Amino acid sequence: MKKIIIALDGHAGCGKSTTAKAVAKALDYIFIDTGAMYRAVTYHFLSNEVDFSDPTEVDKALASISLKFVMNPESGIGEIHVNNVNVEPFIRNMDITSRVSDVASIKAVRVFNVAEQQKMGEEKGIVMDGRDIGTVVFPEAELKVFMTADVTVRAKRRLKEMEAKGVATNLEDVEADIRNRDHLDSTRKESPLKKADDAIVVDTSALTIEQQVESILKLAKKKI
Ligand code: C5P
C-alpha cells in the first residue's frame with residue numbers, strides 16, 4: 001500500500017491530536033503532535049529564563065536544544081523530550097498554554113521546528129497535526145484536512161481533557177485561552193494558521209471522536 005502524508009491543521013481544541021493519533025493507529029502510521037514541539041520549546045525558554053524578545057538569546061537557546069519523541073511503551077504514544085528529558089508532564093498546563101503562541105510566532109523557532117518536522121516526514125506514513133502542516137511543512141501532502149468547531153464546544157471538550165489530567169482550570173479561562181490563541185495564531189506574520197487552498201474542511205462541532213476519525217480515514221483511503 002502507498003504511504004502518504006496526512007496534514008491535519010486547524011483551530012485550538014477541535015480534537016486534532018486525538019483524531020490524528022487514532023487515524024495513525026488505524027493506518028499503522030507515525031503520529032506527530034507538532035503543538036507538543038512548540039510547547040516543549042516554550043517550556044525550555046521559560047525554565048531557562050530565555051528573553052524571547054532578544055533574537056540572540058533565542059538563537060543561542062535553540063542551538064542548545066534537541067527535541068525528540070520517545071515512545072512510551074505503556075501508552076504507545078510518543079512523548080516529547082528536550083535534551084533527553086521527558087517534558088510531556090509539564091507542557092499542557094495554563095502557564096505554558098498561555099505563552100506558547102508568543103513563542104510560536106518567533107521566526108527562528110518556526111524554522112527550527114519545521115526543519116525537524118520535515119525530517120520526521122521523509123519516509124511518509126505519518127499523520128502530523130498542527131497549524132501550518134499543509135501550508136508550510138508539507139505543502140505537497142497527499143491529504144490535507146482543516147479541522148474547526150464552535151468555540152464553546154471546543155472549550156468544553158478541552159476542559160474535560162484537562163480535568164481528566166488533573167490540570168486545575170475552569171470553562172471561562174479555557175474558552176478565553178482558545179479565542180486568544182486562535183487570534184494570535186491566525187494573525188501572526190510567520191506562517192499564520194490558515195486553510196491550505198486544497199485542504200478539506202471538517203467541522204467537528206457535532207461529531208464524536210469516532211466520527212471524526214472515520215471521516216478522515218475515509219478520505220485517506222481514497223489516496224492510499
Ligand atoms: O496543538 P496545540 O494546541 O498543542 O498547539 C499549541 C500552540 O502551538 C498553538 O496554539 C500554536 O501557537 C502553536 N503551533 C504552531 N504551529 C504548529 C503547531 C502548534 O504555531 N504547527
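Right above here is the structure, for reference.
Residues numbered from 1 in each chain as written. Predicted model: local features only at pLDDT ≥ 70, side-chain atom pairs only at ≥ 80, totals over all residues. Heavy atoms only, no water.

Draft legend 1. Region of the structure containing the packing of aromatic side chains. A full pass over the atoms with the stated rule returns two aromatic pairs. Ring centres 5.4 Å apart and planes at 15° place the aromatic pair Tyr43 and Phe90 in the stacked group. Highlighted residues: Tyr43 in helix H2 (residues 34–47) and Phe90 in the loop between strand S5 (85–86) and helix H4 (94–104), separated in sequence by 47 residues. Since its relative accessible area comes to 36%, Phe90 is described here as partly exposed. On the basis of an interplanar angle of 40° and a centroid distance of 5.9 Å, the ring pair of Phe45 and Phe52 is categorised as tilted. (Phe/Tyr/Trp six-rings, centres within 6.5 Å; stacked < 30°, edge-to-face > 60°. Helix = DSSP H or I, 4+ residues; strand = E, 2+ residues; numbered from the N terminus. Buried < 20%, exposed > 50% of the residue type's maximum accessible area, 1.4 Å probe, protein only.)

Draft legend 2. Layout of unusual backbone geometry. Positive phi values are uncommon outside glycine, yet Asn83 reaches one of about 45°. As for its placement among the helices and strands, Asn83 is situated in the loop between strand S4 (77–82) and S5. At Asn84, a position not held by glycine, the phi torsion is positive, near 70°. Among the structural elements, Asn84 can be located in the loop between S4 and S5.

Draft legend 3. How the structure looks around the sheet that holds S4. Across the sheet, three strands lie side by side as S3-S4-S5; this open sheet has antiparallel pairing. Every other strand in the sheet has two partners, leaving strand S3 (67–72) and S5 as the edge strands with one partner each. In this sheet, S4 lies alongside S3 in antiparallel orientation, the contact comprising six bridges. Bridge assignment links Val70 to a residue of S4, and that residue is Glu79. (Pairing = 2+ DSSP bridges.)

These results come straight from atomic positions and should not be treated as a statement about function.
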